[in-house]
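# Geometric and topological summary
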Amino acid sequence: MSKTITDKPAWGLTIHEARAALDGGQTTSQELTASVMARIEAVEPTIKAFVTVTGDRAMQQARRADDRIAAGEAGPLTGIPLQLKDNMSTQDIATTCSSRMLENFVPPYDATVAAKLQSAGAVLVGKGNMDEFAMGSSTENSAFFPTRNPHDTNRVPGGSSGGPAAAVSAGEALFSLGSDTGGSIRQPASLCGVVGLKPTYGLVSRYGLVAFASSLDQIGPFTRDVEDAALVLSELAGHDPRDATSINGPVPDYASALTGDVRGLKIGVPKEYFPEGMGPGVESAVRAGLDVLAGLGAEIVETSLPHTMHALAVYYIIAPSEASSNLARYDGVKYGYSGEDETMWGALARTRQEGFGPEVKRRIMLGTYALSAGYYDAYYLKAQKVRTIIRNEFAEAFSKFDLLATPTSPSVAFELGAKTADPVSMYLNDIFTMPANIAGIPAISVPAGKVDGLPVGLQLMAPHLGEETLLRAAHAYERAADHNMDPSL
Amino acid sequence: MLNSDPNLMDLSTHEVEQIAELAKVGMTPEEIEVMRGQMSDILDRFKALSEVDTEGVETTAHPSGVVSVLRDDVPEQGLTRSEALSNAPRTQGEFVRVRAVLD
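Let me begin by describing the structure that accompanies this report. (Residues numbered from 1 in each chain as written. Chains lettered and ligands numbered in written order. Predicted model: local features only at pLDDT ≥ 70, side-chain atom pairs only at ≥ 80, totals over all residues.)

## Some thoughts on the packing of helix 11 (residues 358–371) of chain A against helix 1 (residues 13–23) of chain B
What counts here: Angles here are taken between N-to-C directions and fall from 0 to 180 degrees, while the axes themselves are lines fitted to C-alpha atoms, restricted in helices to the stretch in contact. Going along the chain from the N terminus, every DSSP run of H or I of four or more residues is numbered as a helix, and every run of E of two or more is numbered as a strand. Here the word oblique covers every angle except those under 35 degrees (roughly parallel), over 145 (roughly antiparallel) and from 65 to 115 (roughly perpendicular). Residues are defined as contacting one another if the C-beta atoms placed from their backbone atoms lie within 7 Å. Note on residue classes: Ala, Val, Leu, Ile, Met, Phe, Trp, Tyr, Cys and Pro are nonpolar, Asp, Glu, Lys and Arg are charged, and everything else, Gly too, is polar.
The contact between helix 11 of chain A and helix 1 of chain B brings their axes to 9 Å, and the two run at 95 degrees. Between helix 11 of chain A and helix 1 of chain B, the crossing angle belongs to the class labelled roughly perpendicular. Residues I364(A), M365(A), T368(A) and Y369(A) of helix 11 of chain A form the contact with helix 1 of chain B, whose participating residues are I19(B), A20(B), L22(B) and A23(B). Looking at the contact of helix 11 of chain A with helix 1 of chain B residue by residue, the class counts come to 7 nonpolar, 1 polar and no charged.

Listed below in structure tokens is the structure:
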């Protein structure tokens, strides 16, 4: 099933292709890691997907991985180079959230996902750029620099996990992890032409993920194909006593769900996800994708989720409210940037004035407003009730359908600066991805070809813990459609 | 309590100043004005929510279904003192140093 590696450079392999080459003795983790490091050196001046590159450390990890492989103790990810979004704590490696506030923060502990992947023998090559504190849809809110789309370097990679999406697209890591609060894995995956998976809320531990909106945040993989996403998810998923929202249940072998068979699968297509004024070509690419699934024997049925239109408001009340509470910890005392002032209160306000960028301040202000006395019932409580209605609407849909299919994002990658002046136009990028976070259900973006050279993503959504069906359909589609999503970088 | 009609979405300068004070985010008068316009615009988009009938609907705080998780009451090794202090901007001996809370 795996292709030979002779037709592409080592940095361009999928995880399963690299696994076959490592286990077959055709390459070593040190060669593979050196190839990825050379690729980073070559393209990073243009793409800027990394806040930190951990070259020497990566080569040490690669040597240890080669020892494990030689000893016959390799797991699926042993020796595979990966990147982590820079909001996941890495012991002794800076974890900045692309914010001045945490520019010099060096965690004394690993996030659960970082510990799991490194103990599985994966090789960490660095930390991915992002919108500051994961707030944004273009990675232009990074306090350090914007990341560029490998398919067109005048365009954004999406966000907030723009660094991870661009790194995997450009060959700067075989896979990466992002976090998805309202679409921050799926939307950049769509815009960069890679696979992005947001698992069920609670399936992957959030311990050590810098908190943004705790009831919406979920970690998931960026990969070059669906099989790789299944491999990584199998390593990530599972109960963690350090995350009180972590689901305690068995973890399936997701790769074994990839049978290629979607005959009889019922896929609902909600009409609200195809509004007028969507980016040209997006709808036709997604409709063509649905035809591919129909050709494979899936049953495609038009349906309606009428409360979808309220998801934007629900999200932009709940997420900023939780953010305003979570970000109250940045006081310049325990860690992080510390502003100078004679008084304690003055120093606190100065710390947050100088440490946070404009979008983070906007969200903190919105959340503080929505939670303040006199507005709590009208905004936060109301949003939590409409959240229940949206969840119920999905539950009802999944009583009729195995999956739902939509575009991932209403547009292809846009030019840098095109939407920075108007916060609401930026928020609308995530209009199709936010509902899955509100409901806590899993969703994946899988490449659906290109429009004028720019990638389009097909989003599939599944019921709570429906990852096996989700991955099975995405995998079958990917193989049948056979799009070439390599950037001409 | 902020004094305005929730149905009137245009925030006043004074309201935005009050929110900034509650959130402890320092802002210049120019930043307050920009924020006032942007927040009013965003809140205006939320008006449609008030039209949704939520009579008798329970709230959703988080979607995992897991409730009140407690661990066994057994001591665990946490961060060491030096690890816990390693990122503090100001320390003194074994402590985090803070500015005077009371005048």
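So, next bit.
## As for helix 2 (residues 29–47) of chain A
An α-helical segment advances 3.6 residues per turn. Residues three or four places apart therefore align on the same side. Residues and elements named next belong to chain A. Formally: A residue's bend is simply the angle between two axes: one fitted to the seven residues ending at it, one to the seven starting at it. To sort residues by burial, count the other C-beta atoms lying within 10 Å of each one's C-beta; a count of 20 or more means buried, 12 or fewer means exposed, and anything in between means partly exposed. C-beta atoms are built from the backbone.
Taking the largest bend as the criterion, helix 2 deviates by roughly 35 degrees, centred on E41, and proline P45 comes between one and four positions later. Where helix 2 is concerned, the buried positions are S29, L32, T33, V36, M37, R39, I40, V43 and I47. On its buried face, helix 2 sits against helix 1 (15–23), strand 1 (50–53), helix 3 (55–70), strand 2 (81–85), strand 3 (123–128) and helix 5 (162–170). A positive phi of about 55 degrees marks K48, the residue just after helix 2.

## Side note on the sheet that holds strand 7 (residues 266–270) of chain A
All names here are of chain A. This is how it is decided: If DSSP finds at least two bridges between two strands, the strands pair.
An order of 1-3-2-4-6-5-10-11-9-7-8 is seen for the 11 strands of this open sheet, with the pairing classed as mixed. Since the sheet does not close on itself, it has two edges, and those belong to strand 1 and strand 8 (299–303), each with one partner. In this sheet, adjacent strand axes meet at a mean angle of 25 degrees when their direction is disregarded. Of the pairings in the sheet, the one linking strand 1 to strand 3 comprises 3 bridges and is antiparallel in character. Bridging across to strand 3, V53 finds its partner in G126.

## Examining the packing of helix 2 of chain A against helix 3 of chain A
A pair of packed helices is characterised by two quantities: the angle between their axes and the separation of those axes. Residues and elements named next belong to chain A. How we decide: The hand of a helix crossing depends on one turn: near helix anticlockwise from the far one by less than a right angle means left-handed, and clockwise means right-handed.
Viewed as axis vectors pointing N to C, helix 2 and helix 3 meet at an angle of 155 degrees, and their least axial separation amounts to 8 Å. In terms of axis orientation, helix 2 runs roughly antiparallel to helix 3. By crossing handedness, the relation of helix 2 to helix 3 is classed as right-handed. In contact with S29, Q30, T33 and M37 of helix 2, helix 3 contributes G55, A58, M59, A62, R63, A65, D66 and I69. Classifying every residue of the contact of helix 2 with helix 3 by side-chain character gives 6 nonpolar, 4 polar and 2 charged.

## Topic: the environment of S160(A)
Residues and elements named next belong to chain A. Looking at the secondary structure, you find S160 in the loop between strand 3 and helix 5. Measuring from C-alpha to C-alpha, the distance between S160 and T388 comes to 26 Å, with 228 residues separating the pair along the chain. In this structure S160 touches M130, D131, A134, M135, G136, S137, T139 and S184, once residues within four positions along its chain are discounted.

## With respect to the interface of chain B and chain A
Taken together, the contact pairs 45 residues of chain B with 58 residues of chain A. Those elements giving two or more residues to the side of chain B that touches chain A turn out to be helix 1 and helix 2 (29–45) of chain B. Considering each element in turn, the side of chain B that touches chain A owes the most residues, 6 residues, to helix 2 of chain B.

## Things to note about the pairing of strand 3 of chain A
Residue and element names in this part refer to chain A. The buried fraction of strand 3 amounts to 6 of the 6 residues, a majority that puts the element mostly inside the structure. Where strand 2 meets strand 3, 5 bridges bridge the pair, whose relative direction is parallel. Paired with L84 across the bridge in strand 3 is K127.

## A closer look at helix 2 of chain B
Using the following cut-off: A helix is expected to reach a length of 1.5 Å times the quantity of its residues less one. Directions pointing from the helix axis toward each C-beta atom define the arc.
Look at helix 2 of chain B: 25 Å from first C-alpha to last across 17 residues, which is about the 24 Å you get at 1.5 Å a residue. Three or more residues of helix 2 of chain B are buried, namely M35(B), R36(B), M39(B), I42(B) and L43(B). The buried residues of helix 2 of chain B occupy an angular sector of 150 degrees when the element is viewed end-on, so they sit on one face. Turned more than 90 degrees from where helix 2 of chain B packs its buried face, E30(B), G37(B) and D44(B) sit exposed. Here the buried face of helix 2 of chain B lies against helix 9 (311–326), helix 11 and helix 13 (423–427) of chain A together with helix 1 of chain B.

## Looking at the environment of L177(A)
Residues and elements named next belong to chain A. Considering the arrangement of structural elements, one finds L177 in strand 4 (residues 175–179). Along the chain, L177 and L231 lie 54 residues apart, while their C-alpha atoms are 13 Å from each other. Ignoring sequence-local partners within four residues, the contact set of L177 consists of L84, K85, M88, V113, P164, I219 and P221.

## Considerations on the pairing of strand 4 of chain A
Residue and element names in this part refer to chain A. Of all 5 residues that make up strand 4, 5 are buried, and the element is covered over most of its length. Side chains F175, L177 and S179 project from strand 4 onto one buried face, and the interleaved S176 and G178 project onto a second face that is buried too. Of the pairings in the sheet, the one linking strand 2 to strand 4 comprises 3 bridges and is parallel in character. By the bridge assignment, L84 is partnered in strand 4 with L177. The sheet contact formed by strand 4 and strand 6 (residues 219–223) spans 4 bridges and is antiparallel. Considered in strand 6, the bridge of L177 is made with P221.

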